[in-house]
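Report on the structure
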Amino acid sequence: MINDALVSLTVPARAEFVDLVRLTLYGIAAKLDFSYEDIEDMKVAVSEACNNVVLHAYAEEPEGVVHIDFAATEHHLRISVRDNGRGGFQPTGEMQTSNLHGKSIEEIRSGGLGLYLMQALMDEVEVCQDLGTVVVLTKRRTAAKAQTL
Amino acid sequence: MINDALVSLTVPARAEFVDLVRLTLYGIAAKLDFSYEDIEDMKVAVSEACNNVVLHAYAEEPEGVVHIDFAATEHHLRISVRDNGRGGFQPTGEMQTSNLHGKSIEEIRSGGLGLYLMQALMDEVEVCQDLGTVVVLTKRRTAAKAQTL
Amino acid sequence: MQTDKLKFRTENREGQTVVYVAGELDLEVASKMRDAMEPFLELSDRKLVLNLRDLKYIDSTGIGILIGMVKARHARKAAFAVEEVPANVRKLFDLTGISPFLNVTPAPAEGA
Amino acid sequence: MQTDKLKFRTENREGQTVVYVAGELDLEVASKMRDAMEPFLELSDRKLVLNLRDLKYIDSTGIGILIGMVKARHARKAAFAVEEVPANVRKLFDLTGISPFLNVTPAPAEGA
Ligand SMILES: Nc1ncnc2c1ncn2[C@@H]1O[C@H](COP(=O)(O)OP(=O)(O)O)[C@@H](O)[C@H]1O
Ligand SMILES: Nc1ncnc2c1ncn2[C@@H]1O[C@H](COP(=O)(O)OP(=O)(O)O)[C@@H](O)[C@H]1O
């Protein structure tokens, strides 16, 4: 019913607005009949992308914003998290991700898990850098639909 | 904390997206420590403005959208509901509102209650017509703050 | 539409049909509500009662539907009432002026 | 910040301090979490247990804080564990690989 619909949300690039992005995502994903687990996965992935904007995109600009576009098609929900910041990812090539598997307690450290989690939780993750950064997170709808129909 | 923050939401001008606007409003108003009753008032007023866009703003354009801006200051939450439709309010002067008070069962009829409710539930309602229509709904924060602090 | 946005459940009391309306009654589900109510409006020899205990949200769209129901029952000289109205819904009934037409009762009017 | 976004409650069991962490542990409340945990990290003669029964949300920010706690307790040679982890939180612990460091127990490890 809401196929091909586009919802856009813009919030200040501040930590206290990330839960608002999750709430809006929840509303959209519930409309699309995603399963509880898929919704939880997307909440975390989108928050990771937003956290990165809050932490890394804007140097000292207090006016920075995050734009989130939610595009639903018959088969996917595609969530784009966009900033107008200074970038910071490697310009090309493999995305660096890290996790704690196989590490000792001395080796593990906080940080660097965001992109790894986005990739683990979504079906597809793309990062584009142009004027700022866009992280595009895609989740398939098929499984969810099969569960509820 | 989130004073002077601006959150913007754009959704298709379709009935099934109005509850998403309410959800986002809820998230913002809860952050601002509005009381339960104030939040309920704002939910209805904003929905009335969105319903009007869905019903009246766009003739046959299936691609019409509603833009909602939420602007928080120290003393107010100001919610602007904007469309790019054909307008339809009286260009100037008093806003027409109606209600059922003092009417007989034969006189009452469905419809025409939206603007009346917006005015009854908000502290201020402004309507501007330019390229489309903007309805600006304002709620004072003072009472809410006094309740929760 | 989420399937659980607006739900109905019917209960028969003596001489009354009670319809429990639960969820959110807004523009999206207006025609669902109208369709669901139509058969009950016809039953003129029974009192029709809407129980709104679990109605979380209503706006002028829903109030417009209730106005239509009030008028349809009145035209048939058939009894109509509303019971267990939550405070936020009651506020809107009072503001719009529909309350006097709804015969609002606070608790189930058993056998009334 | 809503005041109820992240809440703590402490319980003393034999030889253990159990801290119940309830709500959403995200970037907004990260420093609140770190500040609240600091005094417990110092108590090296007691086992420190986080009960996550009512933790509704966590992401890499919160997991980063837990990594810090794991390391702080390890440096003091002091016991640390996590109990009653909800399924969605558990999934993230397993994905990131933090699980082996958390000594996760399903139910309260009474007197353990
Ligand atoms: N929106 C962004 N703008 C600029 N740099 C970013 C952005 N998102 C991520 N980065 C860069 O990519 C790195 C890896 O991100 P991530 O895997 O989420 O881990 P973390 O944020 O914990 O460092 C960040 O440290 C940062 O340098
Ligand atoms: N966004 C809008 N675009 C065009 N016309 C509008 C818009 N909002 C309201 N109107 C006009 O104002 C009238 C009064 O609106 P309202 O009081 O909400 O009652 P109702 O929508 O039930 O008619 C509408 O009937 C419509 O003609």
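Calculation rules
- Residues numbered from 1 in each chain as written.
- Chains lettered and ligands numbered in written order.
- Predicted model: local features only at pLDDT ≥ 70, side-chain atom pairs only at ≥ 80, totals over all residues.
- Heavy atoms only, no water.
- Pairing = 2+ DSSP bridges.
- Helix = DSSP H or I, 4+ residues; strand = E, 2+ residues; numbered from the N terminus.
- Axes fitted to C-alpha atoms, helices over the stretch in contact; angles between N-to-C directions.
- Contact = heavy atoms within 4.5 Å.
- Buried area = accessible area lost by both parts, 1.4 Å probe.
- Salt bridge = Lys/Arg side-chain N within 4 Å of Asp/Glu carboxyl O.
- Nonpolar A, V, L, I, M, F, W, Y, C, P; charged D, E, K, R; others polar.
- Polar contact = N/O pair within 3.5 Å; in protein donor to acceptor, adjacent residues only side chain to side chain.
- Disulfide = S-S within 2.5 Å.

1. What to know about the pairing of strand E1 (residues 6-13) of chain D
All names here are of chain D. Relative to strand E2 (residues 16-25), E1 runs antiparallel, the two sharing 8 bridges. Along E2, the bridge assignment pairs Arg 13 with Gln 16. Here E1 hands over to E2 after 2 residues, with Gly 15 in that stretch at a positive phi of 75°.

2. What to know about the sheet that holds strand E5 (residues 132-140) of chain A
Pairing is antiparallel across the open sheet formed by 10 strands, whose spatial order is E4(A)-E5(A)-E3(A)-E2(A)-E1(A)-E1(B)-E2(B)-E3(B)-E5(B)-E4(B). Two strands in the sheet have a free side with no partner beyond their single neighbour: strand E4 (124-130) of chain A together with strand E4 (124-130) of chain B. Each adjacent strand pair in this sheet contributes to an overall mean axis angle of 15°, direction not counted. Taken together, the 6 bridges between strand E2 (residues 65-72) of chain B and strand E3 (residues 76-82) of chain B define a ladder with antiparallel strand orientation. Along E3(B), the bridge assignment pairs Ile68(B) with Val81(B). Each of strand E1 (6-12), strand E2 (65-72) and strand E3 (76-82) of chain A together with strand E1 (6-12) of chain B is contacted by helix H1 (residues 18-31) of chain A, which is oriented at about 170° to E1(A), the strand it contacts most.

3. Observations concerning the interface of chain A and chain D
Each side of the interface is counted separately: chain A has 32 residues, and chain D has 28 residues. Around 2300 Å² of area is buried between chain A and chain D when both sides are counted, 61% of it from carbon and sulfur atoms. The tally of links between chain A and chain D comes to 5 salt bridges. Counting only elements with at least two residues in the side of chain A that touches chain D, the list comes to H1, helix H2 (36-57) and helix H3 (114-121) of chain A. Of all the elements, H2(A) adds the most residues to the side of chain A that touches chain D, at 11 residues. Grouping the amino acids of the side of chain A that touches chain D by side-chain chemistry returns 13 nonpolar, 7 polar and 12 charged.

4. Overview of the interface of chain B and chain C
Listed per partner, the contact involves 32 residues of chain B and 28 residues of chain C. Carbon and sulfur atoms supply 61% of the area buried between chain B and chain C, which totals about 2300 Å² over both sides. At the junction of chain B and chain C, the tally comes to 5 salt bridges. In this structure, the salt-bridge partner of Glu24(C) is Arg22(B), at a minimum N-O distance of 2.8 Å. Counting the contacts that link chain B with chain C gives 21 residue pairs in polar contact (both at pLDDT 80 or more). Listed by contribution, the elements that provide at least two residues to the side of chain B that touches chain C are helix H1 (18-31), helix H2 (36-57) and helix H3 (114-121) of chain B.

5. Concerning the state of the cysteines
Considering all chains together, one arrives at 0 disulfides over all chains under this definition. Here Cys50(A) is not cross-linked by a disulfide; its sulfur's nearest cysteine counterpart is in Cys128(A), at 16 Å.

As far as function goes, none of this settles anything; it's purely spatial.
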